[in-house]
Amino acid sequence: MCGIVGYIGKREAYPIILEGLKRLEYRGYDSAGIALYDGNSIQLSKTKGKVVDLENRVNNEIETTGSLGIGHTRWATHGVPNDINSHPHYSNSGDLVIIHNGIIENYASIKKELIKRGYTFSSETDTEVLINLIEDVKKNEQVKLGKAVQIALNQVVGAYAIAVFDKNKPDEIVVAKLGSPLAIGVGENEFFIASDATPFLEYTKKAIYLEDEEMAIVRLKKGVKIRKIKNDALVDPYIQELQLNLEQIVKGGYEHFMLKEIHEQPNAIKDTYRGRLNANKGQVRMAGIDDNLEKFLNANRIIVIACGTSWHAGLVSEYIFEDLARIPVEVEYASEFRYRNPVITENDVVIAISQSGETADTLAAIKLAKSKGAFVFGVCNVVGSSIARETHAGAYTHAGPEIGVASTKAFTTQITVLTLIALKLAKEKGTLSHSEFHLHLQELELIPDKVQKALQSDAHIKVVAETYKDAKNCLYLGRGFNFPVALEGALKLKEISYIHAEGYPAAEMKHGPIALIDEQMPVFVIATKKGHYDKVVSNIQEIKSRKGKIIGIVTEGDTEVKNLADHVIEVPETLELLTPLLTTIPLQLLSYHIAVMLDKNVDQPRNLAKSVTVE
Ligand code: AGP
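What you are looking at is a predicted structure, and each value in this text was computed from that prediction instead of being measured.

Engineer: Hey, could you run me through the site of the ligand in this one?
Structural biologist: Surrounding the ligand, one finds 15 residues, the nearest of these being Ser310, Ser354, Ser356, Thr359 and Glu495. Separating an oxygen atom of the ligand from a backbone N or O atom of glutamine 355 is a distance of 2.8 Å. Measuring from an oxygen atom of the ligand, one finds a backbone N or O atom of serine 407 at 2.8 Å. Those elements giving two or more residues to the shell around the ligand turn out to be α11 (308–325) and α18 (483–497). Split by residue class, the shell around the ligand holds five nonpolar, eight polar and two charged.

Engineer: Can you walk me through the sheet that holds strand β18 (residues 301–306) in this structure?
Structural biologist: The pairing of strands in a sheet comes from backbone hydrogen bonds and takes either a parallel or an antiparallel form. The sheet built from five strands is open, its strands ordered β19-β18-β20-β21-β22 with parallel pairing. Looking at strand neighbours, the two that pair on one side only are β19 (329–333) and β22 (393–396), the edges of this open sheet. Neighbouring strand axes in the sheet, compared pairwise and without regard to direction, differ in orientation by 20° on average. Contacts from α11 reach β18, β19 and β20 (348–354) within the one sheet, and its direction differs from that of β19 by about 170°.

Engineer: I'm lost on the sheet that holds strand β12 (residues 214–219) in this one. Help?
Structural biologist: Ordered in space as β5-β6-β7-β8-β12-β13-β14, the seven strands form an open sheet in which the pairing is antiparallel. The sheet is open, and its two edges are formed by β5 (89–90) and β14 (234–235), each paired on a single side. Strand direction decides the pairing type here: strand β13 (residues 223–228) and β14, joined by two bridges, are antiparallel. When the bridges of β14 are listed, arginine 227 appears paired with leucine 234. Against the sheet, helix α5 (residues 145–153) engages β6 (96–104), β7 (158–166), β8 (172–178), β12 and β13, with an angle of about 160° to β7.

Engineer: Teacher, can you tell me more about the side chain of glutamine 265 here?
Structural biologist: With respect to the helices and strands, the residue glutamine 265 is situated in helix α8 (residues 265–273). A distance of 2.7 Å separates polar atoms of two side chains, one belonging to glutamine 265 and the other to glutamine 588. With sequence-adjacent residues up to four places away left out, glutamine 265 is seen in contact with Thr408, Lys409, Thr412, Val451, Ile585 and Gln588.

Engineer: How should helix α16 (residues 434–455) be read in this particular structure?
Structural biologist: Since the α-helix advances by 3.6 residues per turn, residues separated by three or four positions end up pointing in the same direction. Between the first and last C-alpha of α16 there are 32 Å, a value that for 22 residues agrees with the 32 Å anticipated at 1.5 Å per step. Of all bends in α16, the biggest is about 40°, found at isoleucine 447, and the proline proline 448 comes one to four residues later. Along α16, the residues that are buried comprise Phe437, His438, His440, Leu441, Glu443, Leu444, Ile447, Pro448, Lys450, Val451, Ala454 and Leu455.

Engineer: When you look at the pattern of salt bridges in this model, what are you seeing that I'm missing?
Structural biologist: Any two side chains of opposite charge can pair, on the condition that their charged atoms come close. Inspection of every chain in the model, using the stated rule, returns 38 salt bridges. Taking the shortest distance from any N to any O, the salt bridge between lysine 370 and glutamate 390 comes out at 2.9 Å. With lysine 370 in helix α13 (residues 360–371) and glutamate 390 in helix α14 (residues 386–390), this pair connects stretches of sequence that are 20 residues apart. On the basis of relative accessibility, which here comes to 26%, the residue lysine 370 falls in the partly exposed class. The closest approach of N and O atoms between lysine 453 and glutamate 556, which form a salt bridge, is 2.6 Å. One end of the pair, lysine 453, is in helix α16; the other, glutamate 556, is in the loop between β26 (549–555) and α20 (560–564), with 103 residues separating them in the sequence. The class for glutamate 556 is partly exposed, based on a relative accessible area of 34%.

Engineer: In this structure, what is going on with helix α19 (residues 533–544)? I would like to understand it.
Structural biologist: Spanning 12 residues, α19 covers 16 Å between terminal C-alpha atoms, matching the ideal 16 Å at 1.5 Å per step. Among the residues making up α19, those that are buried are Tyr533, Val536, Val537, Asn539, Ile540 and Ile543. An end-on view of α19 places all buried positions within 155° of arc, on one side of the element. Turned more than 90 degrees off the buried face of α19, the exposed positions are Asp534 and Lys535. In the core, the buried residues of α19 are packed alongside β23 (473–478), β25 (522–527), β26 and α20.

Engineer: What is the right way to look at the pairing of β25 in this model?
Structural biologist: Residues in a regular strand point their side chains to alternate faces of the sheet. Along β25, six of the six residues are buried, which leaves the element largely enclosed by surrounding structure. Residues Pro522, Phe524 and Ile526 line one face of β25 and the alternating positions Val523, Val525 and Ala527 line the opposite face, and both faces are buried. Bridge count for β23 against β25 is three bridges, and the pairing is parallel. When the sheet's bridge partners are listed, tyrosine 476 is paired in β25 with phenylalanine 524.

Engineer: I'm lost on the nonpolar core in this one. Help?
Structural biologist: Generally speaking, a soluble globular protein has its nonpolar side chains buried in company with each other. Counting residues in hydrophobic clusters, the biggest one holds 90 residues, and the most contacted among them are Ile351, Phe377 and Tyr476. Element by element, the count of residues in this core is highest for helix α15 (residues 409–429), at 10 residues.

Engineer: Mind showing me how you'd approach unusual backbone geometry here?
Structural biologist: Generally, phi is negative for residues other than glycine and the peptide bonds are trans, each holding for most cases. Residue proline 88 is bonded to the preceding histidine 87 through a cis peptide linkage, with omega at 5°. Mapped onto the elements of the fold, proline 88 is located in the loop between β4 (68–74) and β5. Non-glycine residue glutamine 142 carries a positive phi angle of around 50°. Relative to the helices and strands, glutamine 142 resides in the loop between α4 (126–141) and α5. Judged by its relative accessible area of 67%, glutamine 142 falls in the exposed class. Even without a glycine there, the phi angle at tyrosine 498 is positive, about 65°. Within the secondary structure, tyrosine 498 is located in the loop between α18 and β24 (500–505). Tyrosine 498 sits in the partly exposed class, given a relative accessible area of 24%.

Engineer: In this structure, what is going on with the packing of α15 against α16? I would like to understand it.
Structural biologist: A packed helix pair is summarised by two numbers, namely the angle formed by the two axes and the spacing between the axes. Interaxial distance between α15 and α16 falls to 10 Å at its minimum, and their mutual angle equals 165°. Classified by the angle their axes make, α15 and α16 are roughly antiparallel. α16 is crossed by α15, and the crossing has left-handed handedness. In this structure, α15 contributes Thr419, Leu420, Leu423, Lys424 and Lys427 to the contact, and α16 contributes His434, Phe437, His440, Leu441 and Leu444. For the contact of α15 with α16, the per-class residue count stands at five nonpolar, three polar and two charged.

Engineer: Before we go on, may I ask you to explain the pairing of strand β10 (residues 190–194) in this structure?
Structural biologist: Across the five residues that make up β10, a large majority, five, are buried. Burial along β10 is two-sided: the residues Glu190, Phe192 and Ala194 and Phe191 and Ile193 are all buried. One ladder, built from five bridges, connects strand β1 (residues 3–9) with β10; its direction is antiparallel. Bridging across to β10, glycine 9 finds its partner in glutamate 190. As defined by bridge partners, strand β9 (residues 183–186) adjoins β10 across four bridges and the pair is classed as antiparallel. What sits directly across from isoleucine 184, in β10, is isoleucine 193. The antiparallel hairpin formed by β9 and β10 contains three residues in its connecting segment, where asparagine 189 sits at a positive phi of about 55°.

Rules used throughout
Residues numbered from 1 in each chain as written. Predicted model: local features only at pLDDT ≥ 70, side-chain atom pairs only at ≥ 80, totals over all residues. Heavy atoms only, no water. Near = heavy atom within 4 Å. Polar contact = N/O pair within 3.5 Å; in protein donor to acceptor, adjacent residues only side chain to side chain. Helix = DSSP H or I, 4+ residues; strand = E, 2+ residues; numbered from the N terminus. Nonpolar A, V, L, I, M, F, W, Y, C, P; charged D, E, K, R; others polar. Pairing = 2+ DSSP bridges. Axes fitted to C-alpha atoms, helices over the stretch in contact; angles between N-to-C directions. Contact = heavy atoms within 4.5 Å. Expected span 1.5 Å × (residues − 1). Bend = angle between axes of the 7 residues up to and from the residue. Buried < 20%, exposed > 50% of the residue type's maximum accessible area, 1.4 Å probe, protein only. Salt bridge = Lys/Arg side-chain N within 4 Å of Asp/Glu carboxyl O. Arc of directions from axis to C-beta. Core = buried A, V, L, I, M, F, W, Y, C linked by side-chain atoms within 4.5 Å. Parallel < 35°, antiparallel > 145°, perpendicular 65-115°, else oblique. Left-handed = near helix turned anticlockwise from the far one by under 90°.

Structure representation (structure tokens):
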């Protein structure tokens, strides 16, 4: 996610755009930039770092006059955070400038064609390719900017919210949307462009939210003209009167970032497999894997190193890698691995998982593994983070910034990346048949909709939370692929509600924890239809016979557990190895609602930090 802001109207654009970028920093904050039209030329300044760094740089670098401008705060997806890769980007002629939130999947092939036509590129970004495609169309088709944008966007695949202007036509801004949000603030003789309404709420409460595959030409004198990108059909602008306040909008209308991020998971998973998974073609393409395939295929074993929630995602991947690709996997707490003098050889592949990319223990474990000759692959959510830079190769989760300390969308997007890797390796090794491979790809593509369906149980989950919010101890049980989900569910509850909770393999209960079972002990049991369902049902019966309270996470339509448990929460059916992507959803919501009912600081729980950069 990035933040985009634009202004055209009666006021000075600079202060509006700068303040607007500050309000959008929650959407991305690794670099920022601004382009202003000063009445004669484009004044552009951009920098790695936060908006405050841009502010310090702008004042020494450019004229900040003018009533037309665009600004951007970046969450890098292509190209590490640095000045050159920051937005806005010029076209080769210097006449056009663009800001972009999203991912152009086919940017490489477009770039290759543009280079053949003599275009040059200074950045690694997909965005600079897009602005030069627009320029190329404008020149060759001899059309205005709006038409050029429309023709160009019909050639790209991916997601975008863009704003573009031409210094030779400074009375308009052209915007377009697919997959990323874009709002147009409608004022008196002025218009605002932004990823959400926070940058313009104090100037106007009138907003037009573009729909997917819509574009608009925003002209000072003629107003907003909206068209369908595909067929040029005119669309009547629907102007909403906003009721939300500033804080509500930053959180997307949710009370907390954690809840917003839980609900972002369908899109986050889709963004993570976008451009990598093509079920129709039966393809998984990941540059970091493709370029190092032999290392993975010849690996003696895979060692996964991580902490916390990322470690739980790693544990899920152990089950997936071994089940699909038949490669031995060991999952290590980075904090233990780095000190226990582990046996590591150059035949080992290490996968380091980290949302922040800054966790000190994980970083240290990576350096140790590298020093012993292992190939280290990173799965991070922050482009250009220390871990992303320290590893030999990697694959990013495209979850967007995760602000809530309790990790949610990072967990499901990490599992998505790891599943893609396991599927690719299984196909290459022939340990998965062609039809099985296809089946898994097709089912993975359905997961975002199934996560969306699981989220719809929120009201019911709230009722369950109300029932158990005063528990002093809770037990979470799962088997197979869902054992790590039990651990993750317990961590979620612990870290935001401060209720003690433990996760266990369901069968392990009889080796001790069953002594804890009584009427005061809620037991959350993941009992999806796939896997060792009958065994889990037996565990549930053991709990019931000891008067334990049972909350079953079950496959929709389940009746057997429903007749045994005190509550059930349903998730859609899917392949067994994909169930963690669904069963974790109710456990995230459950911990969230309990913490809110207990009036805890959900986004910033006591004693915790979003990134543990110390040992
Ligand atoms: C999970 O909810 C916690 N915030 C914590 O366990 C976190 O997963 C852990 O600190 C690892 O962080 P990382 O993924 O950024 O490396």
